[in-house]
Amino acid sequence: MKELPELHRGKGTSGGAAPAAEAIMGEAGAGEKPTGLRERHGGLQEQRPKGSRREPLAASFRRAGGHLLRYAGLALLLLFFVLPLLKLAGLSFMDEAGLTLRHYGELLREPRLLRTLRDTAVIVGGASGLSLLLGAAAAWFMAYTDLRGKRWLHALLLLPFLLPSYVLTLSWSSLLGTQGWPAALLRTIRPEAELWSVYSYGGIILVMGLHHFPLVYLLALDTLRRIPREAEEAARASGLGRWKTMLLITLPLAAPGLTGGALLAFLASLDNFGIPAFLGLPAGISVLSTRIYEETVGFGPSAFPRAASLSVLLAAIAAGGALLQRLSVRRGGVPETRAPETAARLHLGRWRPAAEAAFAGGLLLVTVLPLLSMTATSLKRAYGLPYGPANSTLANYRYILLENPKVWRAIGNSLLLSGAAAAVILVLGTAIAYLCVRRPSRWTRAAELGLALPYTLPGIVFGLAMILTWMEPLPGWNPGIYGSGAILFIAYVCRFLVLQLRAGLAAFALVDPSMEEAARAGGAGRAAVWRAVLLPLLLPGLAGGALLVFFTALTELTVSALLWSPGAETIGITVFGFEQGGDTVYSTALSTLLVLLLGAGCGLMAGIRHFAGKRGIRKA
């Protein structure tokens, strides 16, 4: 009778089935057929219980549900992420007669396009070169020397990029403007002297280069720390001096990282709208991003087709730069598997105090001093008055906080849109990251690629694509989204979802799958596994990604500049409107409050990171 349990479990072999049948027949009698067995083709087989037919039916339902979810996800991906790009490209090649190249021909015949392309090349190229120079120098000092207080220096180095571009622009225009401290100091020496204007090519290049050099710094710092110390020591031991070692060993190994950082700064400069809009439009200087904005808000009969053609041109340039950047990083001279070395390779000795003072002083000059100048400007009774207690007042803050309802409406809109977008993105990004890590397939790879498209495109191009899509998503169907705050919400979700996805992928990579499998083996259901195992380990990383999305959406200007409508203004649009209307004291006051809010957000993120490290979550 030992084979009986195995037979009922379906685990009996062909050799063991016959003795079991004989034993059952012996007990049941020769004339009776045993329960659970039936004759078929001259042999006895197990008779399935009636309920077992539901198992293949349930499996088929599960498969059908999985296919339905995949196709529904694909449809949403096409509608929200791919269709806008197709609409944008299609409009640039269409007119009343059908397919045409007329819009491109008209643009190419305009002298203004050549001037715009020249200005774009000069500004983007100059800013990228400045970012490369500053980022490489800062990375070398931080990676190779024994400077003290590197944690604080690292935070100061990242500050220009963490600030919104329009806040950084206002801070530098307050410092280097005709009413700034350097101009006042210069007039005390030479009353007839005029300070160099920040509203120029040089001013745009300076501010844009300072805004984007942290991108080069981060990539170069990681590359320099991975360069084998042994290679440099062997070169020094063979008779090469310090400078020759740097030229022949260090720079060739670091070149891919530096090139990738420079191309990243190039893409960020090409995408930037705030700096050329604040400093270039008043001086008659246009780059591709501001030219698309001018064409879109022009509301002429061919405004959208011309803007779409310029957007395709800008997107093509950005795609080429992104491809080069990816290739440069992949062909790195330093293996990524090598752990970065944080120990100093160059001891400054008695020169260290002077080097620390110069390095920290330079960082304070390009980060803190402009912010202090902007704050001082926000306290003036009127723009143009000299600095001093007699000309200082808090009336500008009282106006924007208590007397202007549009400001509070903009603050409320930004908080609501960024908070709702961050909440939705947190759920979607986490779910997609889980599928990408735990159940990778061609569907998840396609989703990951599609989700990255809106963030890869220049913001002004993506904003125009959203307009063209939601004016009429399907032929003859206008859902009423364009011209309302809903289009800003959709745009924020589509553009910043990839940020949460990256944070989710990094968080899941730190969680061993065996912990989840052990919980399931212990009888825990899917919800219990998430509640008791995954969420406690993933929460710091996921919360950090959600906060990044929240503050990025809160300070966003480029996409909002095209998509906002009356009643749906955001903080960035309000600052832009104040500055365009000549109310610099109000724009600087609102920007100062925004800096304080961002500082609180950075403190919160640092607290979450500290909590995660204290709990040991990073080592999970």
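Residues numbered from 1 in each chain as written. Predicted model: local features only at pLDDT ≥ 70, side-chain atom pairs only at ≥ 80, totals over all residues. Heavy atoms only, no water.

Trainee: Please set out the pattern of salt bridges residue by residue, giving values where relevant.
Mentor: Taken as a whole and assessed by the stated rule, the structure comprises 16 salt bridges. Close ionic contact of R495 with D271 constitutes a salt bridge, the shortest N to O distance being 3.7 Å. A residue pair is termed long-range when its members are at least 10 positions apart, and R495 in helix α21 (residues 485–509) and D271 in helix α11 (residues 242–271) qualify at 224 residues. Ionic pairing is found between E356 and R352, a salt bridge with its closest N-O pair at 3.9 Å. Here the residue E356 and the residue R352 both occupy positions in helix α15 (residues 352–366), the gap between them amounting to four residues, near one helical turn. Residue class for R352 comes out partly exposed when judged on its relative accessible area of 24%. Bridged by salt links that share partners, the residues E110, R291, E295 and R306 form one connected network. (Salt bridge = Lys/Arg side-chain N within 4 Å of Asp/Glu carboxyl O. Helix = DSSP H or I, 4+ residues; strand = E, 2+ residues; numbered from the N terminus. Buried < 20%, exposed > 50% of the residue type's maximum accessible area, 1.4 Å probe, protein only.)

Trainee: I'd like to hear about the side chain of R226, residue by residue, with values.
Mentor: Summarising the element assignment, R226 is placed in helix α9 (residues 201–226). Judged by relative accessible area, R226 falls into the buried class, the value being 16%. A polar atom in the side chain of R226 sits 3.0 Å from the side chain of D222. (Polar contact = N/O pair within 3.5 Å; in protein donor to acceptor, adjacent residues only side chain to side chain.)

Trainee: Give me the lowdown on empty space enclosed by the protein, citing residues and values where you can.
Mentor: Inspection of every chain in the model, using the stated rule, returns one cavity of 30 Å³ or more. Looking at the largest cavity, its volume works out to about 50 Å³. What lines the largest cavity is simply T120, I123, V124, M208, S269, L270, N272, P276, V287, L288 and S289. For the lining of the largest cavity, the elements supplying multiple residues, two or more each, are α5 (111–144), α11 and α13 (288–296). No other element matches the three residues that α5 contributes to the lining of the largest cavity. (1 Å grid on protein atoms, 1.4 Å probe; cavity = no way out; pocket = protein on both sides within 12 Å on 5 of 7 lines; lining within 4 Å. Points joined across faces, edges and corners; volume = space filled by probe spheres on them.)

Trainee: Summarise the packing of aromatic side chains; cite the residues concerned and give the values.
Mentor: Considering all chains together, one arrives at 18 aromatic pairs under this definition. Between F273 and F576, the ring centres sit 6.1 Å apart and the planes meet at 65°, which makes this aromatic pair edge-to-face. Taken together, the residues span a long stretch of sequence, with F273 in the loop between α11 and α12 (274–279) and F576 in helix α25 (residues 571–580) at a distance of 303 residues. When sorted by exposure, F273 lands in the same class as F576, which is buried. Ring pairing ties together the aromatic residues Y166, F273, F278, Y293 and F576, which thus form one cluster. (Phe/Tyr/Trp six-rings, centres within 6.5 Å; stacked < 30°, edge-to-face > 60°.)

Trainee: Break down the nonpolar core for me, citing the residues and quoting the values.
Mentor: General note: in soluble globular proteins, nonpolar side chains tend to be found buried as a group. If you look at the biggest cluster of nonpolar residues, it comprises 111 residues, and the most contacted ones within it are Y166, W172, I292, I460, L464, L563 and I571. Setting aside anything within four residues of it in sequence, one finds I571 in contact with Y166, A410, I411, S414, L554, L590 and L594. The next biggest cluster of nonpolar side chains, apart from the first, holds 21 residues, and it includes F213, Y217, I227 and F359. (Core = buried A, V, L, I, M, F, W, Y, C linked by side-chain atoms within 4.5 Å. Contact = heavy atoms within 4.5 Å.)

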